[in-house]
Amino acid sequence: MNIFAHRGASGTYPENTISAFKEASYLPVHGVEFDVHMTADNELVVIHDEKINRTSDGKGYVKDMTLSELKNHDFGSWFSADFAGETIPTLQEVLEVFSSTHHVLNIELKSDIFPYDGMVEKVIELVTAMQMESRVILSSFDHGAIQKAKQLAPSIKTGALFMEVLVNPVDYIRNIPADALHVLFPAAIRPSMQEVFEAGLPVRTFTVNDEKYAKMLEQAGVEAIFTDYPEKMYTILQAKS
Ligand code: G3P
Ligand code: MG
């Protein structure tokens with residue numbers, strides 16, 4: 001079973017920061033996951049929430065601030081004084097960390113609350129300019145965004161994100177269409193998921209920080225987990241095999 005570092009190595013470094021990504025880039029894990037929003041001046045930035053309140057010393061919505069306004073804030077101190085001065089990374093800065101590593105890059109398009117007009121196009125343009133199409137998975141809770149991504153760049157892999165327990169998931173996923181299903185942990189082991197495994201669609205599950213659950217998911221046939229503790233989980237799963 002593959003491991004993705006969720007929001008970088010976010011258990012031990014401030015999530016979605018260059019420090020968290022550099023740490024992930026040194027690890028022998030399969031991939032890394034991170035979240036993208038768009039600023040008031042249409043720049044792509046890597047942050048989980050719509051607002052900067054939880055993970056910085058500032059307040060307000062990403063969509064209302066320019067990149068230079070966002071860059072004035074500290075995105076490390078909320079986690080630990082050791083990371084004071086960490087800034088919000090752009091998508092390009094994050095991709096550059098992984099430019100010469102083996103990692104698969106799962107870019108989550110956070111357009112499910114605010115639509116961020118033009119974001120899908122800009123992400124694809126950047127990924128293509130950096131020649132990283134074959135290493136990228138575009139995922140979203142906004143299934144319209146991954147549908148659009150598939151229309152614009154059919155070769156880039158996509159994943160439909162779900163929190164819910166699904167009915168007839170294979171029909172739904174094929175209808176978008178998406179290449180994989182990314183699902184919240186407890187929903188991944190419900191009986192209705194069996195048809196997804198049987199159809200051979202990759203199932204990836206978030207957020208799994210517990211050894212017992214990781215082993216259960218591996219047993220169930222899950223292709224990958226997203227974890228905040230990629231190094232620890234890698235050691236655990238390696239020791240088992
Ligand atoms: O992509 C998996 C996971 O990151 C989705 O949820 O809220 O952590 O972005 P969230
Ligand atoms: Mg995410």
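Residues numbered from 1 in each chain as written. Chains lettered and ligands numbered in written order. Predicted model: local features only at pLDDT ≥ 70, side-chain atom pairs only at ≥ 80, totals over all residues. Heavy atoms only, no water.

1. Re empty space enclosed by the protein
Okay, so step 1: In this structure the tally under the stated criterion is one cavity of 30 Å³ or more.
Okay, so step 2: Approximately 60 Å³ is the volume found for the largest cavity.
Okay, so step 3: Residue lining of the largest cavity: Glu 15, Asn 16, Thr 17, Val 46, Ile 47, His 48, Thr 55, Phe 75, Trp 78, Ile 88 and Pro 89, and that is the complete set.
Okay, so step 4: Taken together, the residues of the lining of the largest cavity break down into six nonpolar, four polar and one charged. (1 Å grid on protein atoms, 1.4 Å probe; cavity = no way out; pocket = protein on both sides within 12 Å on 5 of 7 lines; lining within 4 Å. Points joined across faces, edges and corners; volume = space filled by probe spheres on them. Nonpolar A, V, L, I, M, F, W, Y, C, P; charged D, E, K, R; others polar.)

2. Describing the coordination of the magnesium ion (ligand 2)
Okay, so step 1: The protein atoms donating to the magnesium ion (ligand 2) are Glu 33 (OE), Asp 35 (OD) and Glu 108 (OE), with metal-donor distances spanning 2.0 to 2.1 Å.
Okay, so step 2: Every donor residue of the magnesium ion (ligand 2) comes from the same chain, spaced as E-x1-D-x72-E.
Okay, so step 3: Judged by relative accessible area, which is 4%, Glu 33 ranks as buried. (Donors = N, O, S within 2.8 Å, 3.2 Å for Na, K, Ca; no water. Buried < 20%, exposed > 50% of the residue type's maximum accessible area, 1.4 Å probe, protein only.)

3. Observations concerning the layout of surface pockets
Once rolled over the atoms, a probe with the size of a water molecule shows which space is left empty.
Okay, so step 1: The calculated volume of the largest pocket comes to roughly 190 Å³.
Okay, so step 2: Contributing to the lining of the largest pocket are 17 residues, with His 6, Glu 108, Phe 141, Phe 206 and Thr 207 lying nearest its centre.
Okay, so step 3: Looking at the lining of the largest pocket, the elements with two or more residues in it are strand S2 (31-38), strand S4 (104-109) and strand S7 (181-184).
Okay, so step 4: Of the residues assigned to the lining of the largest pocket, the class counts are six nonpolar, six polar and five charged.
Okay, so step 5: Size it by volume and the second largest pocket reaches roughly 150 Å³.
Okay, so step 6: What lines the second largest pocket is simply Asn 42, Glu 43, Leu 44, Thr 90, Leu 91, Gln 92, Lys 122, Glu 125 and Leu 126.
Okay, so step 7: Those elements giving two or more residues to the lining of the second largest pocket turn out to be helix H3 (91-97) and helix H4 (119-129).
Okay, so step 8: For the lining of the second largest pocket, the element with the most residues is H4, which contributes three residues.
Okay, so step 9: When grouped by side-chain class, the residues that make up the lining of the second largest pocket number three nonpolar, three polar and three charged. (Helix = DSSP H or I, 4+ residues; strand = E, 2+ residues; numbered from the N terminus.)

4. Re the packing of H4 against helix H5 (residues 143-152)
Okay, so step 1: Interhelical geometry of H4 versus H5 gives an angle of 45° and a closest axis separation of 10 Å. Considered as vectors, H4 and H5 are oriented oblique to each other. As H4 runs across H5, the sense of the crossing is right-handed. Contacts from Val 120, Glu 121 and Ile 124 in H4 reach Ala 145, Lys 148, Ala 149 and Leu 152 in H5.
Okay, so step 2: Here the residues of the contact of H4 with H5 sort into five nonpolar, no polar and two charged. (Axes fitted to C-alpha atoms, helices over the stretch in contact; angles between N-to-C directions. Parallel < 35°, antiparallel > 145°, perpendicular 65-115°, else oblique. Left-handed = near helix turned anticlockwise from the far one by under 90°. Contact = heavy atoms within 4.5 Å.)

5. Thoughts on unusual backbone geometry
In terms of backbone geometry, most residues other than glycine have negative phi values and most peptide bonds are trans.
Okay, so step 1: That bond from Ile 176 to Pro 177 is cis: its omega, -5°, falls within 30 degrees of zero.
Okay, so step 2: Following the sequence through the fold, Pro 177 ends up in the loop between helix H6 (169-175) and S7.
Okay, so step 3: With an omega dihedral of -25°, the bond running from Phe 206 to Thr 207 counts as a cis peptide bond.
Okay, so step 4: One non-glycine residue, Arg 7, lies in positive phi territory at about 60°.
Okay, so step 5: Tracing the backbone through its elements, the reader meets Arg 7 in the loop between strand S1 (2-6) and helix H1 (18-25).
Okay, so step 6: Residue class for Arg 7 comes out buried when judged on its relative accessible area of 16%.
Okay, so step 7: In the Ramachandran plot, Gln 131 falls in the positive-phi region, its phi being about 55° despite a non-glycine side chain.

6. Some details on the packing of aromatic side chains
Okay, so step 1: For the coordinates displayed, the defined rule picks out eleven aromatic pairs.
Okay, so step 2: Measuring from ring centre to ring centre gives 5.0 Å for Phe 4 and Phe 226, while their planes differ by 35°; the resulting arrangement is tilted. In this pair, Phe 4 is assigned in strand S1 and Phe 226 in strand S9 (residues 224-227), connecting sequence segments 222 residues apart.
Okay, so step 3: Its relative accessible area of 0% is what places Phe 4 among the buried residues.
Okay, so step 4: Taking the relative accessible area as the measure of exposure, Phe 226 reaches 3% and is therefore buried.
Okay, so step 5: Aromatic pair Phe 162 and Tyr 172: ring centres 5.7 Å apart, planes at 70°, arrangement edge-to-face. Of this pair, Phe 162 sits in strand S6 (residues 157-162) while Tyr 172 sits in helix H6, placing them ten residues apart in sequence.
Okay, so step 6: Each residue in the set Tyr 13, Trp 78, Phe 79 and Phe 83 is aromatic and connected to the rest through ring pairs, giving one cluster.
Okay, so step 7: Over the aromatic face of Tyr 61 sits the side chain of Lys 63, whose NZ or CZ is 5.2 Å from the ring centroid. (Phe/Tyr/Trp six-rings, centres within 6.5 Å; stacked < 30°, edge-to-face > 60°. Lys NZ or Arg CZ within 6 Å of the ring centre and 35° of its normal.)

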